[in-house]
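Each chain, letter by letter, is given below.
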Amino acid sequence: MLFVSPKVFSFALSKQCIEAPKRKYACDNMIYTSIKRGESKALVCVCKTDKEAIFSLLEKNNIATQRIEIRKLLAKHQMTKAQLIEILNQIN
């Protein structure tokens, strides 16, 4: 059996959290969900307050800097635009 300290676990999980590029402060309302990757599922988290900012980036993709920010976000989390939208739509 493998034991991982809570500090190590929270750091590893924080790398899986999707956050708006412009957010400056720690999130106080994380939403945890899963995404299907191949035959398995991966745990991801999203700050509830980042939902609108990320949707805004997705909608205004005619600005080059916003397209770049979305591509970086998708690449970092190894997901497609459709998967990101699906995750965001799960947040109430």
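Here's a quick rundown of the structure. Computed from a prediction, not measured in an experiment: that's the story for all the values here.

1. With respect to the overall build of the protein
Right, on to step 1. When helices and strands are tallied, the protein shows four helices and three strands.
Right, on to step 2. Secondary structure of the protein in N-to-C order comes out as α-β-β-β-α-α-α.
Right, on to step 3. For the protein, the proportion of its 92 residues judged to be buried stands at 33%.
Right, on to step 4. For the protein, the computed accessible surface area is about 6700 Å², with 57% contributed by carbon and sulfur atoms.

2. A few points about the packing of helix α2 (residues 51-59) against helix α4 (residues 81-89)
Right, on to step 1. As a packed pair, α2 and α4 sit with axes 11 Å apart at the nearest point and diverge in direction by 150°. One finds that α2 runs roughly antiparallel with respect to α4. You can see that α2 and α4 cross each other, and the crossing is left-handed. Contacts between α2 and α4 pair K51, I54, F55 and L58 from the former with K81, L84, I85, L88 and N89 from the latter.

3. Details of α4
Right, on to step 1. When we look at burial in α4, the residues that qualify are Q83, L84, I87 and L88. With its buried residues spanning 135° around the axis, α4 presents them on a single face. Seen from the buried face of α4, the exposed residues on the opposite side, beyond 90 degrees, are A82 and N89.
Right, on to step 2. In this fold, the buried residues of α4 make contact with β1 (17-18), β2 (30-37), β3 (40-47), α2 and α3 (64-76).

4. Here we look at unusual backbone geometry
Right, on to step 1. In this structure, Q78 takes a positive phi of about 50° despite not being glycine.
Right, on to step 2. By the secondary structure assignment, Q78 is in the loop between α3 and α4.

5. Remarks on the side chain of Q66
Right, on to step 1. One can find Q66 in helix α3.
Right, on to step 2. Q66 sits in the buried class, given a relative accessible area of 16%.
Right, on to step 3. The residues contacting Q66, other than those within four sequence positions of it, are L57 and K60.

Rules used throughout
- Residues numbered from 1 in each chain as written.
- Predicted model: local features only at pLDDT ≥ 70, side-chain atom pairs only at ≥ 80, totals over all residues.
- Heavy atoms only, no water.
- Helix = DSSP H or I, 4+ residues; strand = E, 2+ residues; numbered from the N terminus.
- Buried < 20%, exposed > 50% of the residue type's maximum accessible area, 1.4 Å probe, protein only.
- Areas by Shrake-Rupley, 256 points an atom, 1.4 Å probe, with all protein chains shown as cover.
- Axes fitted to C-alpha atoms, helices over the stretch in contact; angles between N-to-C directions.
- Parallel < 35°, antiparallel > 145°, perpendicular 65-115°, else oblique.
- Left-handed = near helix turned anticlockwise from the far one by under 90°.
- Contact = heavy atoms within 4.5 Å.
- Arc of directions from axis to C-beta.

Function cannot be inferred from these measures alone, as they are strictly geometric.
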